[in-house]
Amino acid sequence: MACTFFGVYFGYYGLSTWIAVLVDSAGIGDAYTVAIYYALATLPGNVVGFLLIDRIGRRRLLAGAMGLSACFGVLLVATLAVAPDSIRSTLAVAAALLVNASTTAGFAALDALAAESFCTKRKATAVGLLCAVGRVASIGAQVVNASLSKSP
């Protein structure tokens, strides 16, 4: 479970802080407006997570949300690499928003799964350690982003 926390936090915080750089370098438009849209995309992700968590289960929601997030991430990269200029900005922003929404649904499932995986006596310590692993991953994502911004 610690590996899952690490991966989800690393991916989410890595992209969420890198999105402004991607938008700016691709010439899509105002990076700050896109960053606001990106942050607002958490709302539908939370709603979807709320509606599906009991219907399909935590593990299925987590797997489905992370699978969708990966697919939308590939779409984002493909859009920035090969899409015609006429539709590049729309597709790239839509893909980034869908990555964020699906990852947010995955966060809901991951948090619920973590809380249910441990007995009451050890739950607070275990979930606290898992969140600490996630925070270390988010810091690592910033280090990676910094090294990517310095490289040609």
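Above this text sits the structure in question.
All chains use their own residue numbering, which begins from 1 and follows the written sequence. Only residues with pLDDT of at least 70 get local features here, since the model is predicted, and only at 80 or more are side-chain atom pairs given and counted; chain-wide, interface and lining totals rely on the full set of residues. Think of the side-chain values as coming from all heavy atoms in the structure, minus any hydrogens and water.

**Q** Can you walk me through the packing of helix 3 (residues 42-56) against helix 4 (residues 58-82) in this structure?
**A** For any two helices packed against each other, the geometry comes down to the angle between their axes and how far apart the axes lie. In this analysis, axes come from line fits to C-alpha atoms, helices being fitted only over the stretch in contact, and the angle between any two N-to-C directions falls in the range 0 to 180 degrees. Strands here mean DSSP runs of E at least two residues long; helices mean DSSP runs of H or I at least four residues long; both are numbered from the N terminus. It is at 7 Å that the axes of helix 3 and helix 4 come closest, and there the two elements cross at 130 degrees. Between helix 3 and helix 4, the crossing angle belongs to the class labelled oblique. Residues Gly49, Leu52, Ile53, Asp54 and Ile56 of helix 3 form the contact with helix 4, whose own contacting residues are Arg58, Arg60 and Leu61. Under the convention adopted here, Pro, Cys and the residues Ala, Val, Leu, Ile, Met, Phe, Trp and Tyr are nonpolar, Asp, Glu, Lys and Arg are charged, and Gly plus all remaining residues are polar. Residue composition of the contact of helix 3 with helix 4, grouped by class: 4 nonpolar, 1 polar and 3 charged. For this classification, under 35 degrees means roughly parallel, over 145 means roughly antiparallel, 65 to 115 means roughly perpendicular, and everything else is oblique. Here, two residues are considered to be in contact whenever any of their heavy atoms come within 4.5 Å of each other.

**Q** When you look at the packing of helix 2 (residues 31-40) against helix 5 (residues 85-116) in this model, what are you seeing that I'm missing?
**A** Running from amino to carboxyl end, helix 2 crosses helix 5 at an angle of 35 degrees, the nearest separation of the two axes being 8 Å. In the crossing of helix 2 with helix 5, the sense of the turn from one axis to the other is right-handed. Contact residues: helix 2 offers Val34, Tyr37, Tyr38 and Ala39, while helix 5 offers Val93, Ala96, Leu97 and Asn100. Of the residues belonging to the contact of helix 2 with helix 5, the class tally is 7 nonpolar, 1 polar and no charged. Left-handed is the label given to a crossing in which the near helix is rotated counterclockwise from the far helix by less than a right angle, and right-handed is the label when the rotation is clockwise.

**Q** Before we go on, may I ask you to explain the layout of surface pockets in this structure?
**A** With a probe scaled to a water molecule rolled over the atoms, the places where space remains empty come into view. Site definitions follow a grid-based scheme: protein atoms alone, a 1 Å grid, a 1.4 Å probe that fits but cannot get out for cavities, and for pockets an open set with protein on both sides within 12 Å along at least five of seven lines, plus lining residues having an atom within 4 Å of a point. Grid points are joined across faces, edges and corners, and a volume is the space filled by probe spheres set on the points. If you add up the space inside the largest pocket, you get close to 350 Å³. When residues of the lining of the largest pocket are traced back to their parent elements, those giving at least two are helix 1 (2-26), helix 4, helix 5 and helix 6 (120-150). It is helix 1 that contributes the most residues to the lining of the largest pocket, 9 residues altogether. Along the lines of polarity and charge, the residues of the lining of the largest pocket split into 14 nonpolar, 7 polar and no charged.

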